[in-house]
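Overview (structure and organization)
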Amino acid sequence: MGEDLKKIKERLPLLDYLQQHNWTARPAAHGSEFVGLCPLHPETRPSFYVNARKNLFYCHGCGQGGDLIRFVELSQHLSFRQSLTYLEQQSTPADPATALGQAATFYQRQLDRYPEARRYLEQRGLHDPALIEELQVGYAPGGSLRRHLLAQGYSFDLLQRTGLVNPQGHDALYQRVIFPCCQDGRIVNLYGRSTGGAFAHRFLPGSKGGLFAWESVRHFPTVILVEGLFDLATLWQAGFRHATCSWGTHLTLDQFRQLCDRPRTVYLAFDVDANGSGQQAAQGLAHRLRTEGITPRRVLLPPGHDPNSFFLQGGDARQFQSLLEGAPL
Ligand SMILES: [Zn+2]
C-alpha cells in the first residue's frame, strides 16, 4: 500500500492533479508555492495554498490540508482506500496507441543489444542504418516488455487488451524482428517476423492500418505493391520508394480503396511461388483494379522469387527496373 501511494504521488503531482481539475492559481510569495480559490469551500478571496515542492496543500479559509490523497478524500468524499483506487485509475496511462508506441520504442532500443537481430536483418539483405531507423525496426527478445510497461504505469489489463501480453501474462512477441505499422502518424499494430523457425509472421490483434506507409506512397502516379515488409524494405533500400505492402495477397477493402483513390499504375510484385498462388492472386487483383480504372501490371520475377530474394540473390536496381518496364498489362 505504501509503495503504491508513493508511486501514484510521483506519477501525479498534486499541482498537476488540481490543474487537470481546472484549479487556477498564481505563484505565491515563496518560490514553489501557488495560491488560488479553495476547491473545497466557496470563497471569493484565494486562501488555498499548494507547495509544489513538498506536494502538499493548506487552506487558510477552512483549515484543511494534506497531500494528494487527502485532497481526493475531501473533494470526492471517498475513503482513503477508495481514493487510492480512484487515483490509480486517473494516473494510469490508458491509451492503447500510447502503449503500442512505448512498446515500439522499447523494441527499437533492443535491436543493438541482440546481435542475432542485426544478423537476421543482414541475412535478409537489410543493411542501410538510416532505413532501419526510418522504419523504426526493433527486436522483441521476449520476457522483458511486460515488466518495462508495467513500470511505466500501464495496467496489466491494458497490455492484455493491446495483445502485447498474452492471457498467460507473457510477452506475445518474442525472438522477432519488429516493424511498427502506422496509420495517420500513429502506431496501430506491430508486425513481428520470427528470427527462428515456427510461426514466421505475427501481428497483434486488431487493424493493421491499411497499406504500409501509404501517406508517403500515395503521391506517386505509379505504385509497386508487394506482399511482405522485407520485400518493401529491400525495394526502398534500392531506391524504389513508391513501394507499399499489403501483408499478403488478399487486400482488405480499405487497402483496395487506397490503391484506387486516384488513377494510377499499380505494379503487382507478388511472390512467384511453385504452386502459383501468388500469381493467381495477382491476376484476380489485376482484374478488380481494372474495373476501378487502375492500370495493373504484373511484375514477372524469376520462378521461386519475391522482391526480397531477387535482391538477395544478386539482383540490382537496374535489373528490377527492367522487370518493371517489361511487366505485362
Ligand atoms: Zn478551504
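Throughout this description, residue numbers start from 1 for each chain and increase along the sequence as written. Totals for whole chains, interfaces and linings use all residues, but because this is a predicted model, local features are given only for residues with pLDDT of at least 70 and pairs of side-chain atoms are given and counted only at 80 or more. In computing side-chain values, all of the structure's heavy atoms are included and hydrogens and water are not.

Further remarks concern the sheet that holds strand 6 (residues 138-140). Only strands that DSSP links by at least two bridges are regarded as paired with each other. Each helix corresponds to a stretch of at least 4 residues labelled H or I by DSSP, and each strand to a stretch of at least 2 residues labelled E; elements are numbered beginning at the N terminus. Here 4 strands make up an open sheet; going across it, the order is 6-7-8-9 and the pairing antiparallel. The sheet is open, and its two borders are formed by strand 6 and strand 9 (201-203), each paired with just one other strand. Taken over all neighbouring pairs, the strand axes of this sheet differ in orientation by 35° on average, direction set aside. When strand 7 (residues 176-183) meets strand 8 (residues 186-194), the two strands line up antiparallel, connected through 8 bridges. Looking at the pairing, cysteine 182 lines up with isoleucine 187 of strand 8. Along the sheet, helix 5 (residues 96-110) contacts strand 6, strand 7 and strand 8; its crossing angle with strand 8, the most-contacted strand, is approximately 40°. To obtain each axis, a line is fitted to C-alpha atoms, and for helices this fit is confined to the stretch in contact; angles are then taken between N-to-C directions over 0 to 180 degrees. Residue contacts are defined here by distance: any two heavy atoms, one from each residue, within 4.5 Å place the two residues in contact.

Next up on the list: the pairing of strand 7. In terms of residue burial, strand 7 counts as a mostly covered element, since 6 of its 8 residues are buried. Bridge count between strand 6 and strand 7: 3 bridges; the pairing is antiparallel. What sits directly across from alanine 140, in strand 7, is arginine 176. Connecting strand 7 to the antiparallel partner strand 8 that follows it, the hairpin turn spans 2 residues, and aspartate 184 within it adopts a positive phi of roughly 50°. We call a residue buried when its accessible area falls under 20% of the maximum for its residue type, exposed when it is over 50%, and partly exposed in between, using a 1.4 Å probe and counting protein chains only.

Moving on, we get to the coordination of the zinc ion. Surrounding the zinc ion are the protein donor atoms Cys38 (SG), His41 (NE2), Cys59 (SG) and Cys62 (SG), which sit 2.2 to 2.4 Å from the metal. Distances up to 2.8 Å from the metal define which N, O and S atoms are donors, and 3.2 Å serves for Na, K and Ca; water is absent from the atom set, so sites may look incomplete. Geometry assignment treats four donors as tetrahedral when all angles are between 85 and 135 degrees, treats four as square planar and six as octahedral when opposite donors are over 155 degrees apart and all others between 65 and 115, and treats everything else as irregular. Between the 4 donor atoms coordinating the zinc ion, the angles at the centre fall across 97 to 123°, so the site counts as tetrahedral. Counting residues between consecutive donors of the zinc ion along the chain gives the motif C-x2-H-x17-C-x2-C. For cysteine 38, a relative accessible area of 6% translates into the label buried.

Opposite charge on two side chains permits pairing when their charged atoms draw close. By definition, a salt bridge exists where a carboxyl oxygen of Asp or Glu is found within 4 Å of a side-chain nitrogen of Lys or Arg. With the rule as written, the count across this model stands at 7 salt bridges. Through salt bridges with shared partners, a single ionic network connects Arg218, Asp261 and Arg264.

Our focus in this paragraph is the pairing of strand 13 (residues 295-298). Pairing between strand 12 (residues 265-269) and strand 13: 4 bridges, direction parallel. When the bridges of strand 13 are listed, valine 266 appears paired with proline 296. With the strands aimed away from the viewer, a crossover counts as right-handed if its path from the first strand over the helix to the second runs clockwise. Following the chain from strand 12 across helix 13 (residues 277-291) to the adjacent parallel strand 13, one finds a crossover that is right-handed.

Moving on: the state of the cysteines. Disulfide: a pair of cysteine sulfur atoms within 2.5 Å of each other. The tally for this structure, following the rule as stated, stands at 0 disulfides. As a non-bridged cysteine, cysteine 182 has cysteine 181 as the owner of its nearest cysteine sulfur, 7.5 Å distant. What makes cysteine 182 partly exposed here is its relative accessible area of 23%.

Here we take up the packing of aromatic side chains. Two rings belonging to Phe, Tyr or Trp (six-membered ring only in the last case) form a pair when the distance between their centres is within 6.5 Å. Interplanar angles under 30 degrees mark stacking, angles over 60 mark edge-to-face geometry, and anything in between is tilted. Taken as a whole and judged by the stated rule, the model has 18 aromatic pairs. Ring geometry for tryptophan 23 versus phenylalanine 48: centroids 5.3 Å apart, planes at 70°, classification edge-to-face. One end of the pair, tryptophan 23, is in the loop between helix 2 (14-20) and strand 1 (26-27); the other, phenylalanine 48, is in strand 3 (residues 48-51), with 25 residues separating them in the sequence. The burial state of tryptophan 23 is the same as that of phenylalanine 48; both residues are buried. Relative to phenylalanine 71, the ring of phenylalanine 57 lies with its centre 5.5 Å away and its plane at 85°, an arrangement referred to as edge-to-face. Taken together, the positions of phenylalanine 57 in strand 4 (residues 56-59) and phenylalanine 71 in helix 3 (residues 68-76) put the pair 14 residues apart, joining distant regions of the chain. Neither phenylalanine 57 nor phenylalanine 71 differs from the other in exposure class; each is buried.

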